[in-house]
Amino acid sequence: MAERETSGITTRLLLHYVRTDSGDEAVAEMLRRADVGHSVAELEDEFAWVSYDTKIRLFAAAVDVLGNPAAMYEMGAAALRHSVNPSLLLLLRALGSPRQVFRQVPRTSPKFSAAAVMEVLESSATHAMVRYLLRPGYTPSRLDCAYTEGLLAVVPEIFGLPSAHVVHDECQSDGFDACLFHVTWSRWSRLPWRRRWLRSSVDAEIIALRGQLQALQSAAADLADSDDLDGVLARIPERAASAVLAQGYLLAVDPPNGGPPLVHSAGLEPGRAAELATALLAGEDLGPEAVVTDVATSRRHHGRLAALYAPGHRGMADERELLAAYAGHAAAVLDLHMAVEASRHGESRARALLALSHELAGADESGQVADRVVDALPGIVGCDKAAVLLWDADNGVLRPAAAHGLTPDEEQLLFAVTLSPSDTPELMDLLARLEPLVVDPRTATPGLAQLLTTLGIGGVLVVPLLAGGSLLGVTVSAWGGGPVPTDRLTEALARMRGLADQAATALQKARLVEAVRHQSLHDALTSLPNRVLFADRLEHALRTAGGSGGAAVLFCDLDRFKQVNDALGHAAGDELLRQVAARLRGALRPGDTVGRLSGDEFAVLLPGVTDEAAADEVARRVVGCFDEPFRIEGSQLRVTTSVGVAVHAGPDGRGDWLLRAADTAMYVAKRRGRNQIAYDEGGVGGALSVGPSLEEELGKAVDGGQLRLVFQPVVNVAEGRTVGAEALLRWEHPRLGLLAPGSFIPLAEENGLIVSLDLWALRTACREAARWMSDGIGFGRHVAVNLSGRTLGEPSLVEAVRTALVDSGLPAEQLQLEVVESRSLVDLPGVVDRLSAIRHLGVRVALDDFGTGFSTLSWLQRLPVDRIKVDRSFTAMLPADRASAALLRGVVALGAELGVEVVAEGVETPEQLATIRSAGCHLVQGFLLGRPMPPEQLRSRLVEDTPTPSSPSAV
């Protein structure tokens with residue numbers, strides 16, 4: 001049992017907290033110091049439980065490793081701020097107020113610990129007194145109390161309120177009987193805009209109707225909770241001594257509305273009573289020490305009554321008749337009470353339906369609808385347990401949303417489950433017919449049967465929630481004692497259908513409300529928070545920062561976005577913005593917020609950041625996520641961003657000031673050359689120097705010896721050898737390190753530096769390839785150099801190529817110039833004549849990214865091309881995409897007809913390679929056969945000339 005005292009939710013949260021604060025090394029050191037004998041994987045399993053001692057030792061080790069005495073309080077606060085259990089947070093949020101959450105503390109605390117009991121002694125709109133009692137045998141710990149304080153303090157934050165003030169002046173560790181926590185929080189804001197957001201106006205007639213229905217619901221609850229029948233059942237074994245004098249008495253009857261047997265006893269231990277009741281109802285002989293009789297009338301057999309004697313004792317001869325007479329009297333009374341109870345249940349169910357209808361009318365969230373339906377189902381249908389599962393159309397699964405009648409462990413098990421049609425034939429049947437379904441664990445598929453058995457369910461009635469023929473979810477009524485009672489199936493089904501109609505309507509309305517609420521606070525194009533929601537979160541971060549806290553804002557504006565819209569159209573611009581949003585999300589820390597403010601302006605909120613160093617780390621990741629080109633309509637598009645950073649530390653922060661400061665800093669980054677970071681210099685957070693303009697530094701890169709070439713091999717898979725390599729440009733930046741082309745090529749193309757970069761790459765590649773020849777390893781191998789459109793327009797290009805060949809001594813046939821396919825290429829003045837002149841030198845010409853631009857047969861006839869390089873966007877879809885495979889075969893056939901070689905780019909998997917070879921293409925380039933590498937590494941490869949795999953299996 002010692003290993004079932006603390007939920008894995010707590011240990012998983014602890015590891016996450018330590019890792020976020022100080023990294024994996026701190027986690028390892030914490031485990032070493034705690035010496036608990038559990039691995040990281042075991043402690044991160046939220047469905048596993050550990051001992052109380054293990055938890056306290058981990059807490060103590062974490063405090064030591066982090067050097068933070070307040071670590072456990074902060075971790076407790078993080079439990080609800082960044083919950084590792086989103087379903088628990090959803091249930092708490094649906095309760096509606098902090099007061100309601102604290103009232104549910106006794107129900108939710110077992111989800112975390114079995115070593116302590118929590119109860120609420122007092123509660124009001126702004127205060128709660130919580131009693132925390134560690135069970136006997138456990139040693140109290142202040143660390144456990146600090147963790148509990150953190151949990152309690154952030155409950156109001158779930159509802160948009162400031163954190164609570166917690167006073168803990170009585171603690172078990174100080175000798176008190178229990179720990180007492182006094183929790184105080186603020187009321188809801190009285191600002192008019194907040195009231196309009198939280199409440200909708202309701203006219204007086206509706207208010208009056210609501211009051212009437214609430215009164216009906218209260219009366220129905222009183223009837224449903226009536227103990228008349230149970231009182232009668234309890235009195236039968238207690239008063240059986242008037243007929244028979246025995247050591248113990250046992251009554252087991254079938255409930256009038258189905259479900260598990262009702263068992264009452266006198267003079268017996270509960271476990272013994274339950275065991276004997278099962279045998280009693282099964283008709284088994286309880287032995288000579290028992291006198292057993294039926295409890296029955298001519299209309300109904302209720303169950304059996306037994307008098308149990310001490311071992312070795314027997315009843316007197318006439319006692320069976322006396323007990324039977326008493327049982328007959330009891331059966332008559334039960335008939336009467338059950339008839340009255342049935343009448344009351346009928347009235348209660350009608351009132352419960354009316355009350356539910358009213359409650360659903362006021363529900364504006366799916367979680368609220370689900371909670372209210374499951375609470376009403378047992379009273380309306382007469383089941384033991386109930387659940388609502390909602391249909392996730394995006395993933396094609398049913399997910400539990402609410403449950404009633406389950407233990408905390410059973411609830412945890414249920415909410416960990418998703419049901420998919422592929423794994424659950426019963427669900428497939430329901431989706432196909434959209435009709436109610438009866439499930440018996442004895443005949444269900446194994447996975448579903450195991451789940452129902454574990455939850456103590458003997459029979460299930462499932463009714464779909466439908467809106468316009470579409471599935472929204474299902475309602476589930478379950479019985480614990482056995483299959484769905486056949487004598488009550490028709491009635492239960494009719495009631496569930498009526499309830500399901502109400503629930504489906506309410507769900508549809510709630511989803512519309514949620515959609516409208518989401519749309520009002522999120523950008524429609526990217527689904528990011530819009531300016532309103534971003535500003536609200538920024539104000540909240542500053543308001544809750546406290547004296548030592550703070551927040552930072554990164555203001556990001558895409559560079560030259562207007563040119564993208566003008567050149568490619570607004571649809572391409574929209575797709576770029578969606579991809580930018582996705583990359584920004586991936587660059588942030590947990591808890592950070594990225595929003596789209598307008599157009600191509602994005603903002604990032606970094607809560608808890610108090611200095612520029614921490615903000616700078618994230619800002620550099622943001623700029624770095626633009627290094628790789630974007631794929632827009634089959635083409636590669638290189639885009640950069642300028643980032644302004646502003647930081648506020650301490651209290652009295654203003655969100656609009658901080659955002660304005662970051663915006664101003666962003667324009668500084670624009671003026672300094674774009675694609676960089678600038679810091680607020682207006683006093684909000686100080687300033688950091690960002691160095692000279694990137695444009696200015698790029699102008700000095702060639703003369704400063706900062707440019708580098710890497711080479712990616714081109715392989716003939718039919719011959720199994722490397723036949724050449726493509727030279728790719730890199731910039732060894734003195735401050736920023738090695739930069740990929742996406743970081744500087746767009747800037748070079750805009751300011752005219754691209755020609756210098758291209759010609760430097762041409763000269764350097766020729767010299768490197770000439771060294772291959774001098775070392776005797778260059779026979780039959782070529783080097784390829786990319787040229788931009790602006791370089792192709794240079795009248796001196798032919799002479800520059802000739803000079804590079806002469807100076808290096810490289811044979812012309814071993815140089816290949818690659819040009820990117822585009823409509824503008826054929827419109828450049830003299831480009832066809834210029835490329836023809838280059839071919840007359842013996843240099844070969846390749847058309848890069850073939851298939852993504854403007855390609856026609858007539859153009860291929862006009863343009864002097866020796867090689868076609870099929871774009872990686874087609875290769876990436878192989879072998880699954882038949883259209884891409886057909887296109888590749890067509891290009892290979894076209895190349896053979898025109899006498900042009902075909903190269904497939906971007907090959908990354910053996911399956912892609914196999915498809916390419918089967919299409920008749922033998923020249924291949926991609927990560928599978930070689931990544932871009934430094935010249936020395938390529939020379940070693942050429943020397944060894946390791947045979948390239950000739951089949952996918954060899955690769």
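Figured I'd write up the structure that's included with this text. (Residues numbered from 1 in each chain as written. Predicted model: local features only at pLDDT ≥ 70, side-chain atom pairs only at ≥ 80, totals over all residues. Heavy atoms only, no water.)

1. Focus on the overall build of the protein
When its secondary structure is counted, the protein shows 36 helices and 31 strands. Looking at the protein alone, contacts between residues at least 24 apart form 66% of all its contacts between residues at least 6 apart. Of the accessible surface of the protein, which amounts to about 43,300 Å², a share of 53% is contributed by carbon and sulfur atoms. (Helix = DSSP H or I, 4+ residues; strand = E, 2+ residues; numbered from the N terminus. Contact = heavy atoms within 4.5 Å. Areas by Shrake-Rupley, 256 points an atom, 1.4 Å probe, with all protein chains shown as cover.)

2. Notes on the sheet that holds strand β4 (residues 127-134)
One open sheet holds the four strands; their spatial order is β3-β4-β6-β5, and the pairing between them is antiparallel. The sheet is open, and its two borders are formed by β3 (116-123) and β5 (165-170), each paired with just one other strand. Averaged over all adjacent pairs, the angle separating strand axes in this sheet is 20°, with direction ignored. Strand direction decides the pairing type here: β3 and β4, joined by seven bridges, are antiparallel. Note that in β4 the partner of Ala 116 across the bridge is Leu 134. (Pairing = 2+ DSSP bridges. Axes fitted to C-alpha atoms, helices over the stretch in contact; angles between N-to-C directions.)

3. Observations concerning unusual backbone geometry
A cis amide bond, omega -5°, links Leu 878 with the succeeding residue Pro 879. Structurally, Pro 879 can be placed in the loop between α33 (872-875) and α34 (882-898). Unlike most non-glycine residues, Asp 35 shows phi in positive territory, near 50°. Along the polypeptide, Asp 35 turns up in the loop between α2 (24-34) and α3 (40-43). The phi dihedral of Asn 675 is positive, around 55°, even though this residue is not glycine. As for its position among the elements, Asn 675 is in the loop between α24 (655-671) and β22 (677-679). For Asn 675, a relative accessible area of 13% translates into the label buried. (Buried < 20%, exposed > 50% of the residue type's maximum accessible area, 1.4 Å probe, protein only.)

4. Comments concerning the packing of helix α1 (residues 8-22) against helix α4 (residues 52-66)
Put simply, α1 and α4 touch, their axes get as near as 11 Å, and they point 10° apart. Regarding the angle of α1 to α4, the classification is roughly parallel. Side by side, α1 and α4 meet where Thr 10, Thr 11, Leu 14, Tyr 17, Val 18, Asp 21 and Ser 22 of the first sit next to Lys 55, Leu 58, Phe 59, Ala 62 and Leu 66 of the second. Residue classes in the contact of α1 with α4 are distributed as seven nonpolar, three polar and two charged. (Parallel < 35°, antiparallel > 145°, perpendicular 65-115°, else oblique. Nonpolar A, V, L, I, M, F, W, Y, C, P; charged D, E, K, R; others polar.)

5. Remarks on α2
Taken as a whole, α2 has its buried residues at Ala 26, Val 27, Met 30, Leu 31 and Ala 34. Taken end-on, α2 shows its buried residues confined to a sector of 135°, consistent with a single buried face. Exposed residues on α2 whose side chains face more than 90 degrees from its buried face are Glu 25 and Arg 32. The secondary structure elements touched by the buried residues of α2 are α1, α3 and α4. (Arc of directions from axis to C-beta.)

6. Topic: the sheet that holds strand β21 (residues 641-649)
Pairing between the strands of a sheet is mediated by backbone hydrogen bonds and can be parallel or antiparallel. Here five strands make up an open sheet; going across it, the order is β17-β18-β16-β21-β22 and the pairing mixed. Both outer strands of the open sheet, β17 (593-598) and β22, are each paired with one neighbouring strand and no more. The average undirected angle you get between the axes of adjacent strands in this sheet is 25°. Where β21 lies against β22, three bridges are found, and the strand directions are parallel. Across the sheet, the residue bridging to Val 645 is Tyr 679, located in β22. Relative to strand β18 (residues 601-607), helix α20 (residues 531-543) is tilted by about 20°, and along the sheet it contacts β16 (550-558), β17, β18 and β21. Of the strands in this sheet, β16, β18, β21 and β22 are in contact with helix α23 (residues 612-624), which crosses β21 at around 160°.

7. Examining the nonpolar core
In terms of nonpolar packing, the biggest core is built from 73 residues, with Leu 762, Val 801, Leu 815 and Leu 817 touching the most fellow members. Counting residues per element, this core draws most heavily on helix α27 (residues 754-774), which supplies twelve residues. Ignoring anything within four residues of it in the chain, the contact list for Leu 762 reads Val 785, Ala 800, Val 801, Ala 804, Leu 815 and Leu 817. In this structure, Leu 14, Ala 34, Leu 43 and Ala 128 belong to the second largest nonpolar core, which totals 57 residues. (Core = buried A, V, L, I, M, F, W, Y, C linked by side-chain atoms within 4.5 Å.)

8. Quick word on the packing of helix α15 (residues 366-381) against helix α19 (residues 489-521)
Relative orientation of the contacting elements α15 and α19 amounts to 170°, with a least axis distance of 9 Å. Accordingly, the angle class assigned to the pair α15 and α19 is roughly antiparallel. Of the residues in α19, those in contact with Ser 366, Val 369, Val 373, Leu 377, Ile 380 and Val 381 of α15 are Ala 492, Arg 495, Met 496, Leu 499, Ala 503, Ala 506, Leu 507, Ala 510, Arg 511 and Glu 514. Residues of the contact of α15 with α19, tallied by class, amount to twelve nonpolar, one polar and three charged.

9. Here we look at the pattern of salt bridges
If you walk through the whole model with that rule in mind, you get 35 salt bridges. Salt-bridge contacts for Glu 29 lead to Arg 32; the nearest nitrogen and oxygen are separated by 2.6 Å. Pair noted here: Glu 29 and Arg 32 are both in helix α2, with a separation of three residues, about one helical turn. Since its relative accessible area comes to 22%, Glu 29 is described here as partly exposed. Two residues, Lys 385 and Glu 410, come together in a salt bridge whose shortest N-O distance is 3.8 Å. Separated by 25 residues along the polypeptide, Lys 385 in strand β11 (residues 385-392) and Glu 410 in helix α16 (residues 408-415) bring together distant segments of the chain. For Lys 385, a relative accessible area of 12% puts it in the buried group. (Salt bridge = Lys/Arg side-chain N within 4 Å of Asp/Glu carboxyl O.)

10. Structural notes on the pairing of β16
Among the nine residues in β16, nine count as buried, and that is most of the element. Summarising the sheet, β16 and β21 pair through nine bridges and their orientation is antiparallel. Each residue of the ladder has a partner; that of Ala 551, found in β21, is His 648. Inspection of the sheet shows β16 paired to β18 by seven bridges, in the antiparallel sense.

11. Section: helix α36 (residues 935-944)
Of the positions making up α36, those classed as buried are Pro 935, Leu 938, Arg 941 and Leu 942. End-on, the buried residues of α36 take up no more than an arc of 120°, which puts them together on one face. Pointing more than 90 degrees away from the buried face of α36 are the exposed residues Glu 936, Val 943 and Glu 944. Contacts from the buried residues of α36 go to β23 (707-716), β24 (721-733) and α27.

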